[in-house]
Amino acid sequence: MDGENRAASEEPPLPRKRQRKQVKNDDFRQLDSSDDDAPLSEVVKEKKRPNKVKSPRGPKDKFEVEMQENSGRTRKSGSRAQAKRKNNDENIDDTIPKKKKAPVKGDDAIMCHQCQRNDKGRVVWCKLCRKKRFCIPCIERWYSNMSEDEIAAKCPVCRANCNCKSCLRMKGVTEPPKKDIPKSDIYRYYCYILNLLLPWLKEFQREQKAEKEIEAKIQGISVSELEIQAAACSDDERVYCDRCRTSIIDFHRSCPECSYDLCLHCCAELRAGCLPGGKEVKIRHYEHRDKKYIFGDVSAGNQTHNKRSSRSQAPLNPPCKIENNKKDENSCFNWKASKVGSIPCAPVELDGCGGPNLELKCMHPEKFLSELELKAEKIVKGKDFSGDAFSMYPCPCFSSLGVVHSEIENLRQAADREGSSDNYIYCPTGKDAMQDTGLTHFQAHWARGEPVIVRNVLEQTSGLSWEPMVMWRALRERTNGKVDSEQFSVKAIDCLDLCEVEINIHMFFTGYEKGRCHSNRWPEMLKLKDWPPASSFDKRLPRHGAEFITALPFPEYTDPRYGPLNLAVKLPEKIIKPDLGPKTYIAYGFREELGRGDSVTKLHCDMSDAINVLMHTAEVEPAKWQMEQIKKLRKKQLQQDLDELQFHASLVASNSEASDIIENSCRMVVSSGQMQEEAAASKSSLDLISQERMTHIVDQQMEPNQHHLLSEINEQEEANGAHYQPSSLVTCEPGETSVGEKKVEYGGALWDIFRREDVPKLSEFLMKHSGEFRHIYCNPIKQVFHPIHDQTFYLTAEHKRKLKEEYGIEPWTFEQKLGEAVFIPAGCPHQVRNLKSCLKVALDFVSPENVRECIRLTEEFRLLPSEHRAKEDKLEVKKIALHAFKEIVEYLMKNPQSSSLELES
């Protein structure tokens, strides 16, 4: 009765459908029991006509009437009713045998290994393994560098370069093979290193002997009676000087009460009456500028940042006056050594306790260095010692008269210095680098502090794709149901104002391939540094890490696992090792030099040697209308540069405190000894430079090219709107670059590497023209601590022209092509501008030829202000050199060579 009342209600009766389901099921059970031999087609026909099933109560019972009245309503339910009928049919499938579609196997299978789909049409079978197949769309998308015939002959899986998700995330990646180096070669390498490091070890020991003599004088005893306390530190602990942030590896002074540590260099500076660790200077933050100012809108900059002044009366950006930290400076002057050389603990303002004298302590046994030197001297005097074998190798790039063989294929002209023999860069191939003769030829150039370019290094690899989307797919792995935030968004650097921006990683990589632009059509240049972040490259991307190691040329120097000429690998296991990479650098690029917002790595100097490999490029062609818009904006920016330089000149001439700016502008790169002498005469040196000289310098900044470029723009605008390209931005047609009359395919990145001997003149030029350069928020540079280590300058083509005109120096300039590895010696300032979107992988190493240069750079870094980005000694090169020297001496003592050792000619 209740069921009849529900059937008569206005709502669609759900029990009716359940009853209908029961009728259908009963009906099909009858069919199944009585017609076992009936064909399946007939069963399906009965299944599709449920409304014609007669009710047992008669043709006009209440159930059938209800079905007829609600037939329209049932049809309106549409897909909902169909879905329920489908579910009902699925329930019936348990009782009716149904033929399932068997998967296609054998030669007829069309399931693609890459995308795991079988609906993309034709597939290409691998004839080698007879198992894997790839569809045509996946071949065109992910393996565009391979033809169908190549995949048919040997598929990506067989080539070990498949970039599907399962293969990318495969565990148990095979370690790249190591080069088989004969023991005789290892002996020669170690003799070579010993010969280069022994002079440094002697200097290091002399410094410690001098400190021992001072300590004996303080205690009033002889040096032989002196016993030095051992410092309490473990092998996995890093010890730094609390004043200059330099790594301490042996002798140092420490406070017995507060454990304040002071290195020997700071002790020597205190005894000389100088400020230990360099002068403390307050770092001024750059003024925030909006995009209107950056794109040359002078009026917007005035209204936003200087509302009280008009454009003609006040500067758009007042020069930042360098303010000394008076509190710290006064504390340093009150911190003095006694007449006998004892040094009290640093004042409280300098993180000390101002208490008792610092005690001399050591981290190695007291006689460790002297015994190590005696063993090394014994080895050097042996008849089998071959420390100078490589230096005797004649470089085939030069004739017997020292003339360069410019016709040699492995030389690339990168400079045009008059009367110089180092205008060419040695450029072997990856195969040449694997030969013994290639290594000795490399050392002939490397020992002279020259960069080296190795071509076609990717030919040695399996061909795994370095496309950013492939690398991202390799990282997209869930852990415990969660996904790292770095898989969806990353923090990139906007090259226009050098600020961090958070962007979806897929959008970033899309811009890498297709380009991005600001609202005014100015190209937007973004770059990722050291991605993936906060993790080991070879652990997060094991297959790409193995591929990179395989691509490294001259593994004797570069292999981070065993390279016998890489001193960094000789640190003991328990010692904390510096982060030397590999690190990825992914950035957009643009062929034209924009002047503002270029995708650049600014001028800097690495603390160690480095190798940089260009693994992938993508070119974005700008439209003609976009170039016209860039021309208009560039004109406004040049006018803004002129206005600000003119005001800066007038301000400096009238500024009574200009001596502080002049002092900062005239600071040069000096050694620690020269810095001590300069500190004593710092006050008198300021009087040598007058305000007239400073005004003349700024006038020179304005004259050469800004007026020329503005007039050139005006002439071009009058010439029927012809496409403008200023002289400093002249480039070749896409796809080629001109070198004399030759035309070759252009690369992905433009490099400028300066010689070490040109650093003083380069620094002077940068200080002289610092007002022409811009940094964060596109503010002109007004505060310079070190023109190179600050990493705030990028020399445009016009700046390089002026540098050669005024100082007669120029860098090695070349374009890095896909698959080329660039070796950068330590101490060589360099800068890079991306001409295309580029993915590079860099690795640091420490070669024996450049250890002394690394130590010199450490001495420069320790003189920077405490808040400077390059202040901390992250490399700890002295620790690396000392442990490498110790391991090499022990190896040579245990493995003496006979006099019949054959040396290669």
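Computed from a prediction, not measured in an experiment: that's the story for all the values here.

Conventions adopted
Residues numbered from 1 in each chain as written. Predicted model: local features only at pLDDT ≥ 70, side-chain atom pairs only at ≥ 80, totals over all residues. Heavy atoms only, no water. Helix = DSSP H or I, 4+ residues; strand = E, 2+ residues; numbered from the N terminus. Contact = heavy atoms within 4.5 Å. Areas by Shrake-Rupley, 256 points an atom, 1.4 Å probe, with all protein chains shown as cover. Salt bridge = Lys/Arg side-chain N within 4 Å of Asp/Glu carboxyl O. pLDDT = per-residue confidence, 0-100. Buried < 20%, exposed > 50% of the residue type's maximum accessible area, 1.4 Å probe, protein only. Pairing = 2+ DSSP bridges. Axes fitted to C-alpha atoms, helices over the stretch in contact; angles between N-to-C directions. Arc of directions from axis to C-beta. Polar contact = N/O pair within 3.5 Å; in protein donor to acceptor, adjacent residues only side chain to side chain. Phe/Tyr/Trp six-rings, centres within 6.5 Å; stacked < 30°, edge-to-face > 60°. Lys NZ or Arg CZ within 6 Å of the ring centre and 35° of its normal. Parallel < 35°, antiparallel > 145°, perpendicular 65-115°, else oblique. Left-handed = near helix turned anticlockwise from the far one by under 90°. Nonpolar A, V, L, I, M, F, W, Y, C, P; charged D, E, K, R; others polar. Disulfide = S-S within 2.5 Å.

Peer 1: Even after reading the chapter, I still don't get the overall build of the protein, so can you show me in this structure?
Peer 2: In terms of regular secondary structure, the protein is built from 33 helices and 24 strands. A separation of at least 24 residues holds for 75% of the contacts in the protein among residues at least 6 apart in sequence. Accessible surface, the protein: about 45,700 Å² in total, of which carbon and sulfur atoms supply 48%.

Peer 1: Explain the pattern of salt bridges to me, please; I cannot follow it from the model alone.
Peer 2: Between side chains of opposite charge, a pair can form when the charged atoms approach closely. Scanning the entire structure with this criterion turns up 41 salt bridges. The partner of Asp758 in a salt bridge is Arg755, and the shortest N-O contact between them spans 2.9 Å. In this structure, the salt-bridge partner of Glu810 is Lys804, at a minimum N-O distance of 2.8 Å. Taken together, the shared-partner salt bridges in this structure form one network comprising Arg417, Asp422, Arg755, Glu757 and Asp758.

Peer 1: Sorry, what's going on with the confidence of the model for the protein here?
Peer 2: Predicted coordinates in regions of low pLDDT should not be interpreted in detail. When pLDDT is averaged across the protein, the result is 76; 69% of the residues are at 70 or more. Per-element confidence in the protein ranges from a low mean pLDDT of 33 for helix α27 (residues 682-686) to a high of 98 for strand β22 (residues 821-824). Every residue in residues 89-95 scores below 50 in pLDDT, and together they form eight contacts with partners more than four places removed in sequence or on other chains. Note that residues 301-325 has pLDDT below 50 and, in this model, 49 contacts with residues that lie over four places away or in other chains.

Peer 1: Mind showing me how you'd approach the pairing of strand β23 (residues 830-834) here?
Peer 2: For a regular strand, side chains alternate in direction, first toward one face of the sheet and then toward the other. Extensive coverage of β23 is indicated by the burial of five of its five residues. The pairing of strand β16 (residues 600-604) with β23 spans three bridges and is classified as antiparallel. Bridging from a neighbouring strand, Val600 pairs with Arg833 of β23. As defined by bridge partners, strand β20 (residues 749-753) adjoins β23 across five bridges and the pair is classed as antiparallel. Following the sheet pairing, Leu750 is matched in β23 by Arg833.

Peer 1: Would you mind going over the sheet that holds β20 with me for this structure?
Peer 2: The strands that make up a sheet pair up through hydrogen bonds in the backbone, lying either parallel or antiparallel. The four strands lie next to each other as β16-β23-β20-β21, forming an open sheet whose pairing is antiparallel. The open sheet has two edge strands, β16 and β21 (812-816), and neither has a second partner. Neighbour to neighbour, the strand axes of the sheet diverge by 15° on average, direction disregarded.

Peer 1: Would you mind going over helix α20 (residues 505-514) with me for this structure?
Peer 2: One turn of an α-helix holds 3.6 residues; hence residues three or four places apart share an orientation. Listing the buried residues of α20 in full gives Ile505, Phe508, Phe509, Gly511 and Tyr512. Mapping the buried residues of α20 onto a view down its axis gives an arc of 155°, with all of them on the same face. The backbone nitrogen of His506 has a side-chain oxygen 2.8 Å away, supplied by the residue at the start of α20, namely Asn504. In the segment just after α20, Gly515 is the residue with positive phi, at about 90°.

Peer 1: Which parts of the structure should I look at to understand the sheet that holds strand β5 (residues 261-262)?
Peer 2: Strand order across the open sheet formed by four strands is β3-β8-β4-β5, with mixed pairing between neighbours. The strands lining the two open edges of the sheet, one partner per strand, are β3 (229-230) and β5. Its contacts with the sheet place helix α11 (residues 183-219) against β4 (252-254) and β8 (359-362), and it is angled at close to 40° to β4.

Peer 1: Just checking my understanding: could you explain the environment of Ile186 for this structure?
Peer 2: The residue Ile186 is located in helix α11 in this model. In the structure, Ile186 is positioned 370 residues away from Glu556 in sequence and 9.6 Å away in space, judged by C-alpha atoms. Those residues in contact with Ile186 that lie beyond four places of it in its chain are Ile181 and Tyr891.

Peer 1: Just to check I follow, could you spell out unusual backbone geometry for this structure?
Peer 2: Backbone phi values are negative for most residues with the exception of glycine, while trans is the configuration of most peptide bonds. Between Gly581 and the following residue, Pro582, the backbone shows a cis peptide bond with an omega angle of 10°. Secondary-structure assignment places Pro582 in the loop between α23 (555-558) and β15 (583-587). Look at Ala160: it is not a glycine, yet its phi comes out positive at around 65°. As for its placement among the helices and strands, Ala160 is situated in the loop between α9 (156-159) and α10 (165-168). Residue class for Ala160 comes out partly exposed when judged on its relative accessible area of 45%. If you check the backbone angles, Ser259 has positive phi at about 60° while not being a glycine. Tracing the sequence through the fold places Ser259 in the loop between β4 and β5.

Peer 1: Please explain the side chain of Asn410 as it appears in this structure.
Peer 2: Following the sequence through the fold, Asn410 ends up in the loop between α16 (368-380) and β9 (411-413). Look at Asn410 and you get buried, because its relative accessible area is 18%. Asn410 has contacts with Ile425, Tyr426, Cys427, Pro428, Asp432 and Arg455, leaving out every residue within four places of it along the chain.

Peer 1: Got a minute to help me understand the environment of Ile611 in this structure?
Peer 2: Position of Ile611 relative to the elements: it lies in strand β17 (residues 609-618). Separated by 234 residues in sequence, Ile611 and Phe845 place their C-alpha atoms 8.0 Å apart. With residues near it in sequence (within four places) discarded, Ile611 still touches Leu552, Pro553, Thr558, Ala821, Val822, Phe823, Val841, Ala842, Leu843 and Phe845.

Peer 1: Would you mind going over the packing of aromatic side chains with me for this structure?
Peer 2: Remark: the centre distance and the inter-plane angle together describe each pair of aromatic rings, the angle taken between the planes. Using the criterion set out here, one finds 18 aromatic pairs in the structure. The positively charged end of Arg289 is found above the aromatic ring belonging to Tyr293, 4.2 Å away from the centroid. Between the NZ or CZ atom of Arg473 and the centre of the ring of Trp142, over which it lies, the distance is 4.3 Å.

Peer 1: Even after reading the chapter, I still don't get the pairing of β22, so can you show me in this structure?
Peer 2: Burial of the side chains of β22 extends over both faces: Ala821 and Phe823 are buried on one face and Val822 and Ile824 on the other. As paired elements, strand β11 (residues 452-454) and β22 share three bridges and run antiparallel to each other. Bridged to Val452 within β22 is Phe823. In this sheet, β22 lies alongside β17 in antiparallel orientation, the contact comprising four bridges. The residue bridging Asn612 from the neighbouring strand is Val822, located in β22.

Peer 1: So what exactly am I meant to see when it comes to the packing of α11 against helix α12 (residues 264-271) here?
Peer 2: Pairs of packed helices are described in terms of their axes, by the angle between the two and the distance that separates them. Running from N to C, α11 and α12 point in directions that differ by 55°, and their axes come no closer than 11 Å. When the axes of α11 and α12 are compared, the pair comes out oblique. For the crossing formed where α11 meets α12, the hand is left-handed. Across the interface between the two elements, Glu207, Gln208, Glu211 and Ile214 of α11 pack against Leu264, His265 and Arg271 of α12. Residue composition of the contact of α11 with α12, grouped by class: two nonpolar, two polar and three charged.

Peer 1: Teacher, can you tell me more about helix α19 (residues 468-475) here?
Peer 2: For α19, the tally of buried residues reaches eight of eight residues, placing the bulk of the element in the interior. Those residues of α19 lying buried are Pro468, Met469, Val470, Met471, Trp472, Arg473, Ala474 and Leu475.

Peer 1: Sorry, what's going on with the packing of α11 against helix α33 (residues 877-894) here?
Peer 2: Axis separation between α11 and α33 bottoms out at 9 Å; the angle between their running directions is 130°. Taken together, the axes of α11 and α33 are oblique relative to one another. Regarding α11 and α33, the two cross each other, and that crossing is left-handed. Contacts between α11 and α33 pair Lys183, Ile186, Tyr187, Tyr190, Cys191, Ile193, Leu194, Leu197, Leu198, Trp200 and Leu201 from the former with Lys878, Ala881, Leu882, Phe885, Glu887, Ile888, Val889, Tyr891 and Leu892 from the latter. Split by residue class, the contact of α11 with α33 holds 17 nonpolar, no polar and three charged.

Peer 1: I'm lost on the state of the cysteines in this one. Help?
Peer 2: Linking two cysteines covalently via their sulfur atoms produces the bond known as a disulfide. Tallied over the full model, the rule gives zero disulfides. Take Cys115: it sits in no disulfide, and the sulfur closest to it among the cysteines is that of Cys138, at 3.7 Å. Its relative accessible area of 22% is what places Cys115 among the partly exposed residues. Here Cys233 is not disulfide-linked; the sulfur of Cys362 is the nearest cysteine sulfur, at 9.5 Å. For Cys233, a relative accessible area of 26% translates into the label partly exposed.

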